[in-house]
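Descriptive structure summary
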Amino acid sequence: MALQFIAKDPNTDGRDCPTLWVEDEAEEILIQGWKPDGETLAKCRETGPIPETEAVVRVPFRMIPAIREACDVAERIRL
């Protein structure tokens, strides 16, 4: 597994914060984020169940540049 760190939330202390990685062998973007509250999770479930093997995480808009970077890295890997 080749896990490439992309970025942490720039507005936090660098610990316990939203983080992005790209895993090239599995061709996946990994996102660490905050857990949603019960009300938000219930709203998400209105579109369908969330299996035990999946999770909903919250990532702030300020992470958009890092998400774009992760997508760019992923696209370069696929080429």
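Residues numbered from 1 in each chain as written. Predicted model: local features only at pLDDT ≥ 70, side-chain atom pairs only at ≥ 80, totals over all residues. Heavy atoms only, no water.

1. A word on the side chain of D9
Locating D9 in the fold gives a position in the loop between β1 (3-8) and β2 (19-23). The class of D9 is buried, set by a relative accessible area of 2%. Within the structure, D9 has its side chain in polar contact with the side chain of R62 (distance 2.6 Å). In this structure D9 touches C17, P18, W34, P60, R62 and M63, once residues within four positions along its chain are discounted. (Helix = DSSP H or I, 4+ residues; strand = E, 2+ residues; numbered from the N terminus. Buried < 20%, exposed > 50% of the residue type's maximum accessible area, 1.4 Å probe, protein only. Polar contact = N/O pair within 3.5 Å; in protein donor to acceptor, adjacent residues only side chain to side chain. Contact = heavy atoms within 4.5 Å.)

2. Quick notes on the nonpolar core
Counting eight residues, the largest nonpolar core consists of I6, A7, L20, V22, M63, A66, A70 and V73. Of all the elements in the fold, those that place two or more residues in this core are β1, β2 and α2 (64-78). When residues in this core are grouped by element, the largest group, three residues, is from α2. Dropping the residues within four chain positions of it, A7 is found in contact with P18, T19, L20, M63 and A66. (Core = buried A, V, L, I, M, F, W, Y, C linked by side-chain atoms within 4.5 Å.)

3. Some words on α2
With 15 residues, α2 extends 21 Å from end C-alpha to end C-alpha; this agrees with the ideal 21 Å at 1.5 Å per step. Along α2, the residues that are buried comprise A66, A70 and V73. For α2, the buried positions fall inside an angular range of 60 degrees around the axis, keeping them on one side. Turned more than 90 degrees off the buried face of α2, the exposed positions are P65, R68, E75 and R78. Where the residues of α2 are buried, they touch β1, β2 and β3 (28-32). (Expected span 1.5 Å × (residues − 1). Arc of directions from axis to C-beta.)

4. Digging into the environment of C71
As for its placement among the helices and strands, C71 is situated in helix α2. Relative accessible area serves as the criterion here: at 34%, C71 is assigned to the partly exposed category. C71 sits 36 residues away from K35 along the chain, and the two C-alpha atoms are 22 Å apart.

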